[in-house]
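Commentary on secondary and tertiary structure
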Amino acid sequence: METSHGICRIAVSLGENHSRALLEQVEHWQSFLALVNMIMFCTGIPGHYPVNETTSSLTLTFWYTLQDDIMSFEAEKQAVYLQVYRPVYFQLVDVLLHKAQFPTDEEYASWSSDEKEQFRIYRVDISDTLMYVYEMLGAELLSNLYDKLGRLLTNTEQTPSWQHTEALLYGFQSIAETIDVNYSDLADTVMFTIGLFRLFSHTLVKTRQLPLAEWLADHPVMLSSVLPLVLQALGNPDLSVSSVSTLKKICRECKYDLPPYAANIVAVSQEVLIKQIHKTSQCMWLMQALGFLLSALPVEEILRNLQSLITPYIQQLEKLAEETPNPSNKLAIIHILGLLSNLFTTLDITKQEEESGENAPPIKSAPPQTGPNPVVVVLQQVFALIQTVLSKWLNDSQVVEAVCAIFEKSVKTLLHDFAPMVSQLSAMLGQMYSTIPQASALDLTRQMVHIFASETNHFPPIKALFELVTSVTLNIFQQGPRDHPDIVDSFMQLQAQALKRKPDLFLSESLDVKAVFHCGVLSLKFPEAPTVKSTCLFFTELIPHCADVPPVGRVVQENGKLLLLAVLEAIGGQSSRSLMDQFAEVLFCLNKHCFALLTVWLKEALRSPGFPSSRVSDEQKDTFSQQVLRERVNKRRVKDIVKEFTLVCRGLHGTEYAADY
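So, here is what we can say about the structure in this document. (Residues numbered from 1 in each chain as written. Predicted model: local features only at pLDDT ≥ 70, side-chain atom pairs only at ≥ 80, totals over all residues. Heavy atoms only, no water.)

**Quick notes on the overall build of the protein chain**
When helices and strands are tallied, the protein chain shows 32 helices and zero strands. The buried share of the protein chain, reckoned over its 661 residues, is 53%. A separation threshold of at least 6 residues defines the contact pool for the protein chain, and within that pool the share at least 24 residues apart is 76%. For the protein chain, the accessible area works out to roughly 29,900 Å², and carbon and sulfur atoms hold 51% of it. When the 52 positive and 72 negative side-chain charges of the protein chain are each reduced to one mean point, those points stand 7 Å apart. (Helix = DSSP H or I, 4+ residues; strand = E, 2+ residues; numbered from the N terminus. Buried < 20%, exposed > 50% of the residue type's maximum accessible area, 1.4 Å probe, protein only. Contact = heavy atoms within 4.5 Å. Areas by Shrake-Rupley, 256 points an atom, 1.4 Å probe, with all protein chains shown as cover. Lys, Arg positive; Asp, Glu negative; His and termini not counted. Charge placed at Lys NZ, Arg CZ, Asp CG, Glu CD.)

Printed below as a string of structure tokens:
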């Protein structure tokens, strides 16, 4: 093996580095063709990669190089080379499809997980190569594969192995990813396979023709042939990932053509969920698929199907809520909440109302919805139950996070349709965050502020919730926030959102604007980049309100120099260079809205020896100050000035290292 591996490396290296030169030596074309055939042998070396051989993977890049060199010649020369090398590339396709075949089930079972993963990556590399080869061989390659598949599946004398069939379908999948999903030859091939051999559902679903769902959206008449295969495969644990992902794609792309099949899809999905055939992640995907499906139904059917779908889980939750908390119950509760959360993520009738307007295609539009949103109806029904669950699990961060996920995804999907539940949820959120503060509750609060803070009817509960979570978070800062960068990050995003959507929230006497400001200055010094970015966003939303929100104006006037010092420290080298654009935006905001103050603060701050870096001279600091103060309109220019100055502060200006920056 070592010897053949070495010979292969020499041949591939020679071919990759000299293929164009060798192609141009027309008098030696047979010698070069011999080298190409030697590399072809290395590509098809006997045995399964990576268990029996590790040589074939070395050769794949050569075929890209050779193809590029051939296609780079002018048309007349190219035609001559194609006459010689097109047959070689057709042979390459056969070799690659053979190498892509799975071993026998027994042999594959004996492989280690690492070997299986290497084989998976190897097949992806083969797929990429086939995609590239198609660019040269074109439709003739599809025809060639079609003939092979036809002969294989119509051979009455010998039953082909699933590995052989799967490899051919894998070839179609690879090519399909490069071409228009409406390409008729490919579509005919897929439908030929489905219609002629339902017995090969194991192979077909496992291959997962990725463009199939998109193609079905334009050819809904074929759903009756495809769906039975996919639904049958749902019951096979070995096809868990492929069958569930295929159904999810079909439900997403073809949802307006699925109402006639909805009852069957829901029934089969319920059955496999109850039997717990699939792992947790696939169960979540399946619920997302059902969300897409139900979104296209009339409101009364959505409600009926929703009730049918979630009733078993509600009953389980009721039972779990009555039992004494234990680890097993906790996992079950989180699983059920996760299922509901993923269902509500994609169950969106607000979009179908938009799509059923004047511009929507008549066939593809959803029926107009009337009456209350069915998701809100269901949420209202389960709200009390969730509160009961929380009463026993309020101190468990994972359960609280699972509850927050349900409502965050529901709010994102329902938007203003969520209005009937604003007061209830605000109260529950305040209770959760007061008991065990965590980022998920702040993120949900931010969504509520974004959607409902500007609505007069909902402002009081939103205001009360905002003030409560702010007060609780300020206490965390007093105790030491370094262990909670996620909470700090989400808190700064919440404050920025409040300033953007409803700056009146900062007029409240119950809100300690000065404390929030100081928390922001402290957060700028966190090592976590996302936290620093969110904090910079907070200040860029805060500073413009110096004039129209008096408490903000007073705080900036009295404490703005502290903010400037923190920004200059970061620019001087205390923060990652990747964050300089964000700090430049804060500096730009100060210059635009607090010019007179910034002029004084900059002069005082930069007067300190060695600040913000011992590497910058007084002259360089003066230049930086003048450049910044001059730019009150061009934000891009300020970013460039800051990037230049931070390089000087770090001793990197003019270095090769900085040239890539």
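What follows picks up the thread again.
**As for helix H24 (residues 485-501)**
An ideal rise of 1.5 Å per residue puts 24 Å on 17 residues; H24 measures up with 24 Å between its terminal C-alpha atoms. Among the 17 residues in H24, 13 count as buried, and that is most of the element. (Expected span 1.5 Å × (residues − 1).)

**Considering the packing of helix H4 (residues 75-99) against helix H7 (residues 139-153)**
Geometrically, a packed helix pair is captured by the angle between its two axes and the distance between the axes. For the pair H4 and H7, interaxial distance at closest approach is 12 Å and the crossing angle is 45°. Considering their axes alone, H4 and H7 lie oblique with respect to each other. Two packed elements cross with a definite hand, and for H4 against H7 that hand is right-handed. Side by side, H4 and H7 meet where Arg86, Phe90, Val93, Asp94 and Leu97 of the first sit next to Glu140, Leu141, Asn144, Leu145 and Lys148 of the second. (Axes fitted to C-alpha atoms, helices over the stretch in contact; angles between N-to-C directions. Parallel < 35°, antiparallel > 145°, perpendicular 65-115°, else oblique. Left-handed = near helix turned anticlockwise from the far one by under 90°.)

**Comments concerning the nonpolar core**
Among the nonpolar cores identified, the biggest contains 159 residues, and Phe407, Phe418 and Phe506 are the most heavily contacted of them. The greatest single-element share of this core, amounting to eleven residues, is contributed by helix H19 (residues 374-393). Leave out the neighbours within four places in its chain, and Phe418 touches Val376, Leu379, Phe407, Ser410, Val411, Leu425, Met448 and Phe452. Grouped together as the second largest cluster of nonpolar side chains are 52 residues, Leu23, Leu92, Leu142 and Ile175 included. (Core = buried A, V, L, I, M, F, W, Y, C linked by side-chain atoms within 4.5 Å.)

**Regarding helix H17 (residues 327-346)**
Over its 20 residues, H17 runs 30 Å from end to end, which matches the ideal 28 Å to within 8%, given 1.5 Å per residue. The opening residue of H17 is Asn326, an N-cap whose side-chain oxygen sits 3.0 Å from the backbone nitrogen of Ser328. (Polar contact = N/O pair within 3.5 Å; in protein donor to acceptor, adjacent residues only side chain to side chain.)

**Focus: the packing of H24 against helix H26 (residues 529-542)**
Put simply, H24 and H26 touch, their axes get as near as 8 Å, and they point 20° apart. When the interaxial angle is binned, H24 and H26 end up roughly parallel. Classified by chirality, the crossing of H26 by H24 is left-handed. Contact with H24, carried on its side by Pro485, Val488, Asp489, Met492, Gln493, Gln495, Ala496, Leu499 and Lys500, involves Pro530, Thr531, Ser534, Thr535, Leu537, Phe538, Glu541 and Leu542 of H26 and no other residues of that element.

**Points about the environment of Ile250**
Among the structural elements, Ile250 can be located in helix H13 (residues 240-253). On the basis of relative accessibility, which here comes to 1%, the residue Ile250 falls in the buried class. C-alpha separation for the pair Ile250 and Phe292, spaced 42 residues apart in sequence, amounts to 9.3 Å. Ile250 has contacts with Ala213, Leu216, Leu223, Val226, Leu227, Val230, Lys255 and Leu258, leaving out every residue within four places of it along the chain.

**Quick look at the packing of aromatic side chains**
Scanning all chains against the criterion turns up 18 aromatic pairs. Of the aromatic side chains, those joined through ring pairs into one cluster are Phe102, Tyr108, Trp111, Phe119 and Trp162. Here Lys116 stacks its cationic end above the ring of Tyr108, 4.9 Å away from the centre of that ring. Its guanidinium or amino end placed over the ring of Phe526, Arg482 lies 4.6 Å from that ring's centre, counting from NZ or CZ. (Phe/Tyr/Trp six-rings, centres within 6.5 Å; stacked < 30°, edge-to-face > 60°. Lys NZ or Arg CZ within 6 Å of the ring centre and 35° of its normal.)

**Some remarks on the side chain of Ser534**
Relative to the helices and strands, Ser534 resides in helix H26. A polar side-chain atom of Ser534 sits 2.4 Å from a polar atom in the side chain of Asp489. Here Ser534 is in contact with Asp489, Met492 and Gln493, once residues within four sequence places are set aside.

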